[in-house]
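Inside the fold
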Amino acid sequence: RGYCARKLAWQLREEAADKRERMYAEEERKRAEADAKHNAEIQRRMHPRTRDDFEILYNELENWRQHETKRIEESGLPEIERLEALAQLLHKQTKLLQTIDRLKITATKENRSRRIKRMLELMAEPKKWELNDGDICQVHTPFSTRAKELMELYNGLNLPLLTIDERLDV
């Protein structure tokens, strides 16, 4: 009986330790997931790419403006100081809108170049045909071969810091 009791106690301790380890691992995974999500949101605000990212920035700017306007109106400042504070708020809002517009121009350029690159790669891929036995055969057509040549030419011409002679050699 003593052996069975010790064996049962040992098994219960091992199960409790395993449960604690799983709980710690789950907490760590959730914490890492939350950190990754938080970092992604920060990255999304610092380097917006999509229309939704810019919509978030514009909404945050509008909420900030409304909060600041309300704070200025409720501060009880004399009329001249209140108008000056509102003018400063308008100036800050204008600067932030200009920053968002610069980010939008940058994102548009990056998205355009990414879209062009993806389209060129898609056109340069060999055609994939499924054979009767289920195998897939890759076929380089004259169009895909020419598209690959043009993609390489495009990528070569888009390299930065090329002299005129190097560009002509490409």
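Structure: see above.
Residues numbered from 1 in each chain as written. Predicted model: local features only at pLDDT ≥ 70, side-chain atom pairs only at ≥ 80, totals over all residues. Heavy atoms only, no water.

Once that is clear, we can look at the overall build of the protein. Of the regular secondary structure elements, the protein holds five helices and two strands. Element order for the protein, N to C, with α for helix and β for strand: α-α-α-β-β-α-α. Since a compact globule built from 170 residues should have a radius of gyration of about 15 Å, the 31 Å found for the protein marks it as more spread out than a globular shape. By principal-axis analysis of the C-alpha atoms, the protein measures approximately 90 × 85 × 35 Å. Relative to its full complement of 170 residues, the protein shows a buried share of 13%. Across the protein, contacts joining residues at least 24 apart in sequence account for 43% of those joining residues at least 6 apart. If you sum the accessible surface of the protein, you get close to 14,700 Å²; carbon and sulfur atoms cover 56% of it. (Helix = DSSP H or I, 4+ residues; strand = E, 2+ residues; numbered from the N terminus. Rg over C-alpha atoms; globule rule 2.2 N^0.38 Å. Buried < 20%, exposed > 50% of the residue type's maximum accessible area, 1.4 Å probe, protein only. Contact = heavy atoms within 4.5 Å. Areas by Shrake-Rupley, 256 points an atom, 1.4 Å probe, with all protein chains shown as cover.)

Across four bridges, the pairing between strand S1 (residues 127-130) and strand S2 (residues 136-139) is antiparallel. Across the sheet, the residue bridging to Lys 128 is Gln 138, located in S2. Once S1 ends, the chain turns through five residues before running back antiparallel as S2, passing Gly 134 with a positive phi of about 95°. (Pairing = 2+ DSSP bridges.)

A contiguous patch of negative charge, built from Glu 14, Glu 15, Asp 18 and Glu 21, is present on the exposed surface. Mapping Asp 18 onto the fold places it in helix H1 (residues 2-46). (Patch = residues over 30% accessible without salt bridge, like charges linked within 9 Å, V, L, I, M, F, W, Y side chains within 5 Å. Salt bridge = Lys/Arg side-chain N within 4 Å of Asp/Glu carboxyl O. Lys, Arg positive; Asp, Glu negative; His and termini not counted. Charge placed at Lys NZ, Arg CZ, Asp CG, Glu CD.)

What follows deals with the pattern of salt bridges. The final tally for this structure, using the stated rule, is 12 salt bridges. Among the ionic pairs, Glu 73 bridges to Arg 82, the shortest N-O distance being 3.0 Å. Arg 146 is paired through a salt bridge with Glu 149; the nearest N and O atoms lie 3.4 Å apart. In this pair, Arg 146 and Glu 149 are both assigned in helix H4 (residues 142-157), three residues apart and thus about one turn of the helix distant. By sharing partners, the salt bridges in this structure join Glu 41, Arg 44, Arg 45, Asp 53 and Glu 60 into a single network.

Let's shift gears to a positive patch on the surface. A contiguous patch of positive charge, built from Arg 49, Arg 112, Arg 114, Arg 115 and Arg 118, is present on the exposed surface. Tracing the sequence through the fold places Arg 118 in helix H3 (residues 79-124).

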